[in-house]
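Residue strings, one per chain:
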Amino acid sequence: MTQTSENVTWLTQEAYNKLKAELEHLTGPARAEISAKIAAAREEGDLRENGGYHAAKEEQGKQELRVRQLTQLLENAKVGEAPAADGAVAPGMVVTIAFDGDEDDTLTFLLASREYASSDIETYSPQSPLGTGVIGHKVGENAEYELPNGKKALVKILKAQPYES
């Protein structure tokens, strides 16, 4: 469901299909649309003072960056099943933790790559300090991770269940 090493990204079949469809749209209809915008803006005259042309070129650059990201992601993707609901923290799970064991100070987040980021739930990468600290721990266990200032933080795993989009 998410990156588990430098080069491999685990995806469900549904996520793979969604990203593949986005790539096909960007390399097909969206690419033709941005080319038409650039051509129309170019016909307006002096390119040095043509805001529409510069905006379209910037949009094209962002779109091409996304195409490269998706291409690389899909080339390195492995399609598999969602993680098991066995209570062990793994990429692709929604995890609830308590800081310093204080069940009044909790955080619920999705442990996944940014491809899964959603406005519905905060997302932490499995490679982040918190992500690496909690992976493999089971509900009820304590986990430790390193804060940016070098200090250690202790969390208790309260809940871990597969993410359902």
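Predicted model only: the values in this text are computed from it and were never measured. (Residues numbered from 1 in each chain as written. Predicted model: local features only at pLDDT ≥ 70, side-chain atom pairs only at ≥ 80, totals over all residues. Heavy atoms only, no water.)

## Some remarks on the overall build of the chain
We apply this condition: Every helix listed is a DSSP run of H or I at least four residues long, and every strand listed is a run of E at least two residues long, numbered separately from the N terminus. Throughout, exposure labels follow a simple rule: accessible area from a 1.4 Å probe, protein chains only, divided by the maximum for the residue type, with under 20% read as buried, over 50% as exposed, and the rest as partly exposed. In what follows, residue pairs with any heavy atoms lying within 4.5 Å of each other are defined as contacts. Here the accessible surface of atoms and residues is derived via Shrake-Rupley with a 1.4 Å probe, and residues count as covered only by protein chains that are part of the display.
Check the secondary structure of the chain and you find four helices and seven strands. Moving toward the C terminus, one meets the helices and strands of the chain in the order β-α-α-α-β-β-β-β-α-β-β. Relative to its 165 residues, the chain shows a buried fraction of 35%. Considering only contacts in the chain between residues 6 or more positions apart, those separated by 24 or more positions represent 51%. Counting only carbon and sulfur atoms, one obtains 48% of the accessible surface of the chain, whose full area is about 9,800 Å².

## So, helix H1 (residues 13-27)
Because an α-helix packs 3.6 residues into every turn, residues spaced three or four apart end up facing the same way. Put simply, the rule reads: The span expected for a helix works out to 1.5 Å for each residue beyond the first. Picture the helix axis, draw a direction to every C-beta atom, and the arc is the one those directions span.
For H1, spanning 15 residues, the distance from its first C-alpha to its last is 21 Å, which sits close to the expected 21 Å at 1.5 Å a residue. Residues Ala15, Leu19, Leu23 and Leu26 constitute the buried set of H1. One face of H1 carries all of its buried residues, which in axial projection span an arc of 70°.

## A short note on the packing of aromatic side chains
Any two aromatic rings considered together are summarised by their centre-to-centre distance and by the angle between their planes. Quick reminder of the rule: Ring pairs shown here join Phe, Tyr and Trp side chains whose ring centres sit within 6.5 Å, with only the six-membered ring taken for Trp; geometry is labelled stacked below 30 degrees between planes, edge-to-face above 60, and tilted in between.
Under the criterion given, the structure shown has one aromatic pair. Taking the centre distance of 5.0 Å and the plane angle of 70° together, the rings of Phe109 and Tyr124 count as edge-to-face. Residue Phe109 is found in strand S4 (residues 106-111), and its partner Tyr124 is found in strand S5 (residues 123-124); the two are separated by 15 residues along the sequence. Among the residues examined, Tyr124 registers a relative accessible area of 23% and is labelled partly exposed.

## Some thoughts on the side chain of Asn50
The condition that has to hold: Polar contact is defined as a pair of N or O atoms within 3.5 Å, subject to the rule that within protein one atom must be able to donate a hydrogen and the other to accept it, and that residues adjacent in sequence are counted only when both atoms are side-chain atoms.
With respect to the helices and strands, the residue Asn50 is situated in the loop between helix H2 (29-42) and helix H3 (51-75). Engagement of the side chain of Asn50 in a polar contact is seen with the backbone oxygen of Ala41, the distance being 2.5 Å. There is a polar contact of 3.2 Å between the side chain of Asn50 and the backbone nitrogen of Gly52. Leaving out residues up to four positions away in the same chain, Asn50 has contacts with Ala41, Arg42, Glu44 and Gly45.

## Things to note about a negative patch on the surface
Cut-off, in case you're wondering: Each patch is assembled from residues with relative accessible area greater than 30% and no salt bridge, linking like charges that lie within 9 Å and nonpolar side chains (Val, Leu, Ile, Met, Phe, Trp, Tyr) that lie within 5 Å. What makes a salt bridge here is a side-chain nitrogen of Lys or Arg within 4 Å of a carboxyl oxygen of Asp or Glu, nothing more. Here the positive residues are Lys and Arg and the negative ones are Asp and Glu; neither His nor the chain ends is included. Working definition for charges: the position is that of NZ of Lys, CZ of Arg, CG of Asp or CD of Glu.
A cluster of acidic side chains, namely Asp100, Asp102, Glu103, Asp104 and Asp105, defines a negative patch on the protein surface. Residue position: Glu103 is located in the loop between strand S3 (93-99) and S4.

## Looking at the pairing of strand S7 (residues 152-162)
Put simply, the rule is: At least two bridges found by DSSP between two strands is the condition for calling them paired.
Pairing analysis gives seven bridges linking S3 to S7, with the strands arranged antiparallel. Looking at S7, one finds that Phe99 is bridged to Val155. As judged from the five bridges shared by strand S6 (residues 142-146) and S7, these two strands associate in the antiparallel manner. Bridging from a neighbouring strand, Ala143 pairs with Val155 of S7. As consecutive antiparallel partners, S6 and S7 are separated by five residues, and within that stretch Gly150 has a phi angle of approximately 95°, a positive value.

## Quick word on the pattern of salt bridges
Taken as a whole and judged by the stated rule, the model has five salt bridges. Arg66 is the salt-bridge partner of Glu22, the closest N and O atoms lying 2.9 Å from each other. Separated by 44 residues along the polypeptide, Glu22 in helix H1 and Arg66 in helix H3 bring together distant segments of the chain. Where Glu146 meets Lys152, a salt bridge forms, and the shortest distance between an N and an O atom there is 3.7 Å. A residue is classified by how much of its surface remains accessible, and Lys152, at 52% relative accessible area, is exposed.

Nothing here speaks to function; it is geometry throughout.
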